[in-house]
Amino acid sequence: MAAGDRLILVGRIVGLHGVAGEVKLESYTEPRTRIFRYQPWLLSSAAGDREISGCKGREQGKGIVASLPEVTDRDRAASLVGCEIKVRRSVLQDPNADEYYWTDLEGLEVVTIEGVSLGRISHLLSTGANDVMVVRDGERERLLPFVLDDYVKTVDFAAGRVTVDWDPEF
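All chains use their own residue numbering, which begins from 1 and follows the written sequence. Note on the predicted model: pLDDT of at least 70 is required for a residue's local features to be given, and 80 or more for side-chain atom pairs to be given and counted; whole-chain, interface and lining totals, by contrast, use all residues. As a rule here, side-chain values come from all non-hydrogen atoms in the structure, and water together with hydrogens is ignored.

Chemist: Help me understand the overall build of the protein, please; the structure alone is not making it clear to me.
Modeler: Along the backbone of the protein there are 2 helices and 13 strands. Burial here depends on accessible area, computed with a 1.4 Å probe over protein chains only, as a share of the maximum for the residue type. Under 20% is buried, over 50% is exposed, and the range in between is partly exposed. By the burial criterion, 35% of the 170 residues in the protein qualify as buried. Should any heavy atoms of two residues lie within 4.5 Å, those residues are counted as being in contact. Taking contacts inside the protein between residues at least 6 apart in sequence as the whole, the part at least 24 apart equals 49%. Here the protein has roughly 9800 Å² of accessible surface; of this, 47% comes from carbon and sulfur atoms. Here the positive residues are Lys and Arg and the negative ones are Asp and Glu; neither His nor the chain ends is included. To locate a charge, the coordinates of NZ of Lys, CZ of Arg, CG of Asp or CD of Glu are taken. Of note, the protein has its 21 positive side-chain charges centred 8 Å away from the centre of its 28 negative side-chain charges. The helix count covers DSSP runs of H or I at least four residues long, the strand count covers runs of E at least two residues long, and both are numbered beginning at the N terminus. Residue burial considers only the protein chains on display, and all accessible areas are found by Shrake-Rupley using a 1.4 Å probe.

Encoded structure:
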């Protein structure tokens, strides 16, 4: 699968809102309403996948409410609860310099400035202070701060590598 065709999980349908077929969303985008910029959506569930375009929504209290084309009643909306919302990587805008989508970093090899391999990025976490890379090598798991210049020296997508200033024994 080409990089632009790779599917990215951006949210989930978590509940119902009203009787006209609106649904409540959990969005993984920042800000959370940005999920509506990325379309078409691929709604993915155990029953199968369905592509849908033209989804609209709004913030409602502490959550997000969406209206989906062709979903005009509560029963049809109920059948979508639990669906993951995915989009193709190609619909995301290119990040600015020194900004990265976590999904693009996942799977990259992490090496120290001395060339010692620490493993591959499994996923990232947000701690509030900074993002953290979860790096696994099969034997151990390391949590490394994703702080450019201080710890992360280079991100080289062509080589599939992130170079860090980190003690491999830590």
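Chemist: Would you mind going over the side chain of threonine 163 with me for this structure?
Modeler: Mapped onto the secondary structure, threonine 163 falls in strand S13 (residues 161-164). If we skip the residues at most four places from it in the chain, threonine 163 touches Val111, Thr112, Ile113, Tyr151, Val152, Lys153 and Thr154.

Chemist: What should I look at first to understand the sheet that holds strand S5 (residues 56-60) in this one?
Modeler: Sheet strands pair via backbone hydrogen bonds, and the direction of the pair is either parallel or antiparallel. DSSP bridges decide pairing: two strands pair if at least two such bridges lie between them. The sheet built from 7 strands is open, its strands ordered S4-S3-S7-S1-S2-S6-S5 with antiparallel pairing. Unpaired on one side and paired on the other, strand S4 (48-52) and S5 mark the two borders of the sheet. Shown here is a sheet whose adjacent strand axes are inclined to one another by a mean of 35°, direction ignored. Inspection of the sheet shows strand S3 (residues 41-45) paired to S4 by 5 bridges, in the antiparallel sense. Where helices are involved, their axes are fitted lines through C-alpha atoms of the stretch in contact, as for all axes, and angles between N-to-C directions lie from 0 to 180°.

Chemist: Would you mind going over unusual backbone geometry with me for this structure?
Modeler: With the exception of glycine, the majority of residues adopt a negative phi angle, and the majority of peptide bonds are in the trans configuration. Note the cis peptide between glutamate 30 and proline 31, where omega equals -5°. Position of proline 31 relative to the elements: it lies in the loop between strand S2 (22-27) and S3. Cis geometry marks the peptide bond from glutamine 39 to proline 40, where omega comes out at 10°. Tracing the backbone through its elements, the reader meets proline 40 in the loop between S2 and S3. Unusually for a residue other than glycine, glutamate 70 sits at a positive phi of about 70°. In this fold, glutamate 70 is placed in the loop between strand S6 (63-67) and helix H1 (74-78). A relative accessible area of 69% means that glutamate 70 is categorised as exposed.

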